[in-house]
Number of protein chains: 2
Amino acid sequence: MKGYVQVYTGDGKGKTTAALGLSIRAAGSGLRVYIAQFIKMGEYSEIKALAKFSDLITVEQFGLGRFIKGKPSEEDIEAARNGISKVKSLMGLAKYDIIVLEEANVAAACGVISVEDILELISLKPDNIELVITGRGADPKVIEKADLVTEMKEIKHYYQKGVQARVGIEK
Amino acid sequence: MKGYVQVYTGDGKGKTTAALGLSIRAAGSGLRVYIAQFIKMGEYSEIKALAKFSDLITVEQFGLGRFIKGKPSEEDIEAARNGISKVKSLMGLAKYDIIVLEEANVAAACGVISVEDILELISLKPDNIELVITGRGADPKVIEKADLVTEMKEIKHYYQKGVQARVGIEK
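What counts, and at which threshold
Residues numbered from 1 in each chain as written. Chains lettered and ligands numbered in written order. Predicted model: local features only at pLDDT ≥ 70, side-chain atom pairs only at ≥ 80, totals over all residues. Heavy atoms only, no water. Least-squares fit on C-alpha atoms with pLDDT ≥ 70 in both. Contact = heavy atoms within 4.5 Å. Buried area = accessible area lost by both parts, 1.4 Å probe. Salt bridge = Lys/Arg side-chain N within 4 Å of Asp/Glu carboxyl O. Polar contact = N/O pair within 3.5 Å; in protein donor to acceptor, adjacent residues only side chain to side chain. Helix = DSSP H or I, 4+ residues; strand = E, 2+ residues; numbered from the N terminus. Nonpolar A, V, L, I, M, F, W, Y, C, P; charged D, E, K, R; others polar. pLDDT = per-residue confidence, 0-100. Phe/Tyr/Trp six-rings, centres within 6.5 Å; stacked < 30°, edge-to-face > 60°. Buried < 20%, exposed > 50% of the residue type's maximum accessible area, 1.4 Å probe, protein only. Lys NZ or Arg CZ within 6 Å of the ring centre and 35° of its normal. Pairing = 2+ DSSP bridges. Axes fitted to C-alpha atoms, helices over the stretch in contact; angles between N-to-C directions. Arc of directions from axis to C-beta. Core = buried A, V, L, I, M, F, W, Y, C linked by side-chain atoms within 4.5 Å. 1 Å grid on protein atoms, 1.4 Å probe; cavity = no way out; pocket = protein on both sides within 12 Å on 5 of 7 lines; lining within 4 Å. Points joined across faces, edges and corners; volume = space filled by probe spheres on them.

1. Some details on the relation of the copies chain B and chain A
In screw terms, the move from chain B to chain A is a rotation of 180° and a rise of 0.0 Å along the axis, fitting with an RMSD of 0.0 Å. Both copies are brought into coincidence by an operation consistent with a two-fold rotation axis. Both copies contact each other with a shared surface, as 100% of the interface residues of chain B are interface residues in chain A too.

2. Some words on the interface of chain B and chain A
Counting residues at the interface gives 54 residues for chain B, matched by 54 residues for chain A. Approximately 4400 Å² of surface area, both sides summed, lies buried where chain B meets chain A, with 60% of it carried by carbon and sulfur atoms. It is B:Arg25, B:Lys156 and B:Ile169 that lose the most area in chain B upon contact with chain A, and together they represent 18% of the buried surface on that side. Connecting chain B to chain A are 4 salt bridges. The partner of A:Arg166 in a salt bridge is B:Glu130, and the shortest N-O contact between them spans 2.6 Å. The interface formed by chain B and chain A holds 29 residue pairs in polar contact (both at pLDDT 80 or more) in total. Listing elements by their share of the side of chain B that touches chain A, those giving two or more residues are β1 (5-9), α1 (15-28), α2 (45-50), α6 (140-145) and β6 (148-156) of chain B. Looking at the side of chain B that touches chain A element by element, the count peaks at 10 residues for α1(B). Considered class by class, the residues forming the side of chain B that touches chain A number 22 nonpolar, 13 polar and 19 charged.

3. Topic: the confidence of the model for chain A
Mean pLDDT over chain A works out to 91, with 95% of the residues at or above the 70 mark. If you check the scores for this complex, the pTM reads 0.90 and the ipTM reads 0.86.

4. So, the packing of aromatic side chains
For the coordinates displayed, the defined rule picks out 7 aromatic pairs over all chains. Plain terms: the ring middles of A:Tyr4 and B:Tyr158 are 5.1 Å apart, the flat faces sit at 50° to each other, and that makes the pair tilted. A residue pair is termed interchain when its members come from two chains, as with A:Tyr4 in the segment before β1 (5-9) and B:Tyr158 in the segment after β6. We note that A:Tyr4, like B:Tyr158, is buried. Taking the ring centre of A:Tyr4 as reference, the NZ or CZ of A:Lys2 above it sits at 5.0 Å.

5. Quick look at the sheet that holds strand β5 (residues 130-134) of chain A
Taken in spatial order, the 12 strands make up an open sheet running β3(A)-β2(A)-β4(A)-β5(A)-β1(A)-β6(A)-β6(B)-β1(B)-β5(B)-β4(B)-β2(B)-β3(B), and their pairing is mixed. The open sheet has two free edges, formed respectively by β3 (57-61) of chain A together with β3 (57-61) of chain B, since each of these has just one partner strand. Taking the axes of each pair of neighbouring strands and ignoring which way they run, one obtains an average angle of 15° across the sheet. In terms of strand pairing, strand β2 (residues 33-37) of chain A meets β3(A) through 5 bridges, oriented parallel. Note that in β3(A) the partner of A:Gln37 across the bridge is A:Gln61. In the packing of helix α5 (residues 115-124) of chain A onto the sheet, contacts are made with β1, β4 (98-102) and β5 of chain A, and the angle to β5(A) comes to roughly 165°.

6. Considering α5(A)
Three- or four-residue spacings in an α-helix give side chains the same orientation, since the helix completes a turn every 3.6 residues. Residue and element names in this part refer to chain A. Listed in full, the buried residues belonging to α5 are Val115, Asp117, Ile118, Leu121 and Ile122. Projection of α5 onto a plane perpendicular to its axis shows the buried side chains occupying an angular sector of 165°, all on one side. At its buried positions, α5 is contacted by β1, α3 (74-91), β4, α4 (104-109), β5 and α6 (140-145).

7. Comments concerning the pattern of salt bridges
What the rule picks out here adds up to 20 salt bridges over all chains. Here A:Glu46 ties to B:Arg25 by a salt bridge, and the two come within 2.8 Å at their closest N and O atoms. With A:Glu46 in helix α2 (residues 45-50) and B:Arg25 in helix α1, this residue pair bridges two chains. Take A:Glu46: its relative accessible area is 2%, and that puts it in the buried class. Between B:Asp127 and B:Lys2 there is a salt bridge; the shortest N-O distance is 2.9 Å.

8. With respect to unusual backbone geometry
Residue and element names in this part refer to chain A. Phi is positive for Glu103, which is not a glycine, with a value near 65°. As for its placement among the helices and strands, Glu103 is situated in the loop between β4 and α4. For Glu103, a relative accessible area of 16% puts it in the buried group.

9. Points about the nonpolar core
With 50 residues, the main nonpolar core has A:Ile57, A:Ile98, B:Ile57 and B:Ile98 as its most contacted residues. Discounting residues that sit within four places of it in the chain, B:Ile98 has contacts with A:Ile169, B:Leu22, B:Ala26, B:Leu31, B:Arg32, B:Val33, B:Tyr34, B:Glu130 and B:Val132.

10. Focus on empty space enclosed by the protein
The tally for this structure, following the rule as stated, stands at 4 cavities of 30 Å³ or more. Each pocket or cavity is described by its volume, and for the largest cavity that value is around 80 Å³. Residue lining of the largest cavity: A:Thr16, A:Ala19, A:Leu20, A:Ser23, A:Ile35, A:Gln37, A:Glu46, A:Leu50, A:Val100 and A:Glu102, and that is the complete set. Sorting the residues of the lining of the largest cavity by element identifies α1 (15-28), β2, α2 and β4 of chain A as the ones contributing at least two each. Among the elements that line the lining of the largest cavity, the one with the most residues is α1(A), at 4 residues. Forming the boundary of the second largest cavity are B:Thr16, B:Ala19, B:Leu20, B:Ser23, B:Ile35, B:Gln37, B:Glu46, B:Leu50, B:Val100 and B:Glu102.

Quick look at the structure:
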């Protein structure tokens, strides 16, 4: 299969959810998926769900599970750098058909990785790997290099009504 | 769990994929999901993937599996009406926590169901069911009644480059 570069960005709900759906659909047809999570860490409902596909979908977390406000710490940066190194090494192997860089746009925007890291991964991507990049605030240079870009635009959000994130729905 | 009404619309890729991801994440935390597909029919990769969650996720197809151009046939309308009736009956039961009306916006736009059908389901929704409505072209009246609305906006699409739908990625 010829692979492309997909980007899901914007401030609306559905980016991570779409990457999750995409991974599961792919596994449904036997494709092998690697998901690098750059911001989240912990046992989310999606991790539990993905466990059903552990033969085809691998998830690794390269974030410390917190929102980064202000200057990221050394640990934040080191964790994210490990993710970039790992994905770089996968680009040379025929181990996965799809690689998802979950929240990589956010990681670049808050400085734990750089936009150049993402661009380098795009340039290293072999023809037979599909690369999926998520997170709000995708850099224009990333959008330029991508083949498919969807902006999830928030028209209305129930957080504005004071609804808290719910287990099974948001987390 | 208190349930809300979510709408995923717009012309970009990711609406069905987000609904799929949402269903799987929900199942990951033990929630029960019912998916009514109004346009598609057949063995897509997502159906194969969802089979892994057959204890928690039920999928039923109320479309004839073709795009409707011009006036829909009696069969198209009958199939879709069965879907509306089925979902209506589920609103009174405590059988599912989440109900997804897949491509219902499209079904309303092409006349196999009506916008009023969707509005009626929204008004019948009990407090403990989350209702998720997908498909491009959501009617303003549906958006008005929804609690969360994301527009998947197409910024760039590889179909424009002549890329065909691929098994495991788009179908």
